[in-house]
Amino acid sequence: MPRFFIDTPLHAGALLELPEGVVRHVQVLRLKVGDTLTLFNGTGGEFPAVLTTLEKRHATAQLGEFDSRDAETPYRVTLAQGIAGGDKMDWLIEKAIELGVSEIQPLSTERSVIRLDAERAAKRVAHWQALVQAACEQCGRNRVPRVLPIRPIAAWLQDRDTVTSYEWRVLLSPRADGGLDSLPPDTPTQPGVLLFGPEGGLAPQEESLARAAGFTAIRLGERILRTETAGIAVLAALAARWGGW
């Protein structure tokens, strides 16, 4: 059944006018009046709906009863990712959402290929947030994670209020001694964060700052993974370890 994110309050029994972007998507999918779809607004749960009118630039849907279905992992994890170049960051964000991350913190680092001024950074974050919404539509999540504003990694690591809000903190580093088995075996009840560098990884001084901020460094065996592979591999391993599937 097609799923669409609607950024507005939803109520059982309401007749809802669909946003222009959703109307275009409905037309691309060749839906017709009487077809069923699912609508959600990112705050949890979803509504079955029936398409009641469909015109070139206008469509309405009748909402059914609220369904509290939840597809979240039993743990909360933020992905703190050094900005990767090309379409790698897009791909990584999409797959991280499918694997259950609850928040994404993009970081500018010494080895980040992309350098963004304030205007371009805001546009890139908006683009990533749209990717998050689309990924939630595809994978069945009813809570839409936030993409936080881009921050320099040093400033982020030295923001004590932010970093200490994560009960557990993990850094991926080829220089680490321990692996995934150094993580707690039981599902954590408090939120945590995974920190990954861009292409080329984190610079030594950035890794030192992370360790000083209480991050536990782990490695993934003898092979060096690309940044877009490493994050997904760790998230998948955590899902298997802590029941996120």
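Computed from a predicted model, the values in this text were never measured in an experiment.

Undergrad: Account for the layout of surface pockets, naming residues and giving values.
TA: Taken as a whole, the largest pocket holds about 400 Å³ of empty space. For the largest pocket, the lining is made up of 24 residues, of which L172, P174, G201, I224 and L225 are closest to its centre. Secondary-structure elements contributing two or more residues to the lining of the largest pocket are β10 (168-172) and α7 (227-242). By residue class, the composition of the lining of the largest pocket is ten nonpolar, six polar and eight charged.

Undergrad: Describe the packing of helix α2 (residues 88-98) against α7, with residues and values.
TA: With their axes 9 Å apart at the nearest point, α2 and α7 run at an angle of 5° to one another. One finds that α2 runs roughly parallel with respect to α7. Residues K88, W91, L92, K95 and A96 of α2 form the contact with α7, whose participating residues are T227, E228, I232 and L235. The residue inventory of the contact of α2 with α7, partitioned by class, reads five nonpolar, one polar and three charged.

Undergrad: Now, about the pattern of salt bridges: what can you tell me, with residues and values included?
TA: Applying the stated criterion to the full structure yields 14 salt bridges. The salt bridge partner of R24 is E20, with a shortest N-O separation of 3.2 Å. One end of the pair is R24 and the other is E20, both in helix α1 (residues 20-28) and four residues apart, which spans about a single turn. E20 gets classed as exposed once you look at its relative accessible area, which sits at 54%. With a closest N to O distance of 3.6 Å, R219 and E222 form a salt bridge. Judged by its relative accessible area of 25%, R219 falls in the partly exposed class. You can call E222 exposed: its relative accessible area is 69%.

Undergrad: Account for the environment of A212, naming residues and giving values.
TA: Looking at where A212 falls in the secondary structure, it is placed in helix α6 (residues 204-212). Taking C-alpha positions, A212 is 9.4 Å from Q158, a pair spaced 54 residues apart along the chain.

Undergrad: I'd like to hear about the pairing of strand β5 (residues 59-63), residue by residue, with values.
TA: For β5, a buried count of four out of five residues is recorded, marking the element as mostly surrounded by other parts of the structure. As judged from the three bridges shared by strand β2 (residues 15-17) and β5, these two strands associate in the antiparallel manner. Bridge assignment links L15 to a residue of β5, and that residue is Q62. The turn joining strand β4 (residues 47-54) and β5, which pair antiparallel and follow one another in sequence, is formed by four residues.

Undergrad: Residue-level account of the packing of aromatic side chains, with values.
TA: Overall, the coordinates contain five aromatic pairs when judged by the stated rule. Centre to centre, the rings of F47 and F66 are 5.2 Å apart; their planes meet at 55°, and the pair counts as tilted. Linking F47 in strand β4 with F66 in the loop between β5 and β6 (77-82), this pair joins segments that are 19 residues apart in sequence. Accessibility expressed as a relative area gives 45% for F66, which makes it partly exposed. Summarising the aromatic geometry, the rings of Y75 and W242 are spaced 5.4 Å apart at their centres and angled 70° between planes, so their arrangement reads as edge-to-face. Here W242 lies in helix α7 and Y75 lies in the loop between β5 and β6, a separation of 167 residues in the sequence. For Y75, a relative accessible area of 4% puts it in the buried group. By relative accessible area, which is 3% here, W242 ends up buried.

Calculation rules
Residues numbered from 1 in each chain as written. Predicted model: local features only at pLDDT ≥ 70, side-chain atom pairs only at ≥ 80, totals over all residues. Heavy atoms only, no water. 1 Å grid on protein atoms, 1.4 Å probe; cavity = no way out; pocket = protein on both sides within 12 Å on 5 of 7 lines; lining within 4 Å. Points joined across faces, edges and corners; volume = space filled by probe spheres on them. Helix = DSSP H or I, 4+ residues; strand = E, 2+ residues; numbered from the N terminus. Nonpolar A, V, L, I, M, F, W, Y, C, P; charged D, E, K, R; others polar. Axes fitted to C-alpha atoms, helices over the stretch in contact; angles between N-to-C directions. Parallel < 35°, antiparallel > 145°, perpendicular 65-115°, else oblique. Contact = heavy atoms within 4.5 Å. Salt bridge = Lys/Arg side-chain N within 4 Å of Asp/Glu carboxyl O. Buried < 20%, exposed > 50% of the residue type's maximum accessible area, 1.4 Å probe, protein only. Pairing = 2+ DSSP bridges. Phe/Tyr/Trp six-rings, centres within 6.5 Å; stacked < 30°, edge-to-face > 60°.

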